[in-house]
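# Residue-level structural notes
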Amino acid sequence: MRMKKFGLLKELNIKANYKGILLTPTASKFVSSEDSDIIKTHGICAIDCSWAKFQELKLNENKYEGRKCKCN
């Protein structure tokens, strides 16, 4: 919510046609420098929910570029 306060994010409807990178725990690839063109053009999306509840969203995985985030 702090990012929203400073105008650094845009809220999307769950059914929005999104062409950027979606951070998801079910992705097979990690975000990398190879994704830089997609990120610069369309951005990165994070869904505000518990990863434990992520499967309940029933997202069509063919409609987005899913990536894991390697956070250390």
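Here is a short report on the structure shown in this document. From a predicted model like this one, the values you see are computed outputs, not experimental measurements. (Residues numbered from 1 in each chain as written. Predicted model: local features only at pLDDT ≥ 70, side-chain atom pairs only at ≥ 80, totals over all residues. Heavy atoms only, no water.)

As a further point, take the environment of phenylalanine 30. Along the chain, phenylalanine 30 falls in the loop between β1 (21-23) and α2 (36-42). Given a relative accessible area of 42%, phenylalanine 30 falls into the partly exposed group. For the pair phenylalanine 30 and arginine 67, spaced 37 residues apart in sequence, the C-alpha to C-alpha distance is 5.0 Å. When near neighbours in sequence (up to four residues on either side) are disregarded, phenylalanine 30 contacts Asp35, Arg67, Lys68, Cys69 and Lys70. (Helix = DSSP H or I, 4+ residues; strand = E, 2+ residues; numbered from the N terminus. Buried < 20%, exposed > 50% of the residue type's maximum accessible area, 1.4 Å probe, protein only. Contact = heavy atoms within 4.5 Å.)

Counting six residues, the largest nonpolar core consists of Tyr18, Leu22, Cys45, Ile47, Phe54 and Tyr64. In this structure, phenylalanine 54 is in contact with Thr24, Pro25, Thr26, Ile47, Cys49 and Leu59, ignoring residues within four places of it in sequence. (Core = buried A, V, L, I, M, F, W, Y, C linked by side-chain atoms within 4.5 Å.)

On the surface, a nonpolar cluster with roughly 440 Å² of combined accessible area is contributed by Met3, Phe6, Leu8 and Leu9. If you trace the backbone, leucine 8 turns up in the loop between α1 (2-5) and β1. (Patch = residues over 30% accessible without salt bridge, like charges linked within 9 Å, V, L, I, M, F, W, Y side chains within 5 Å. Areas by Shrake-Rupley, 256 points an atom, 1.4 Å probe, with all protein chains shown as cover. Salt bridge = Lys/Arg side-chain N within 4 Å of Asp/Glu carboxyl O.)

Moving on to the sheet that holds strand β2 (residues 44-46). Backbone hydrogen bonds hold the strands of a sheet together, and the pairing may be parallel or antiparallel. Overall, parallel pairing links the three strands, which are arranged β2-β1-β3 in an open sheet. Only two strands of the sheet have a single partner each, and these edge strands are β2 and β3 (65-67). Sheet twist, expressed as the mean angle between neighbouring strand axes with direction ignored, is 35°. In terms of strand pairing, β1 meets β3 through three bridges, oriented parallel. Within β3, the residue paired with isoleucine 21 across the bridge is glutamate 65. (Pairing = 2+ DSSP bridges. Axes fitted to C-alpha atoms, helices over the stretch in contact; angles between N-to-C directions.)

Bear in mind that shape data such as this cannot, by itself, settle questions of function.
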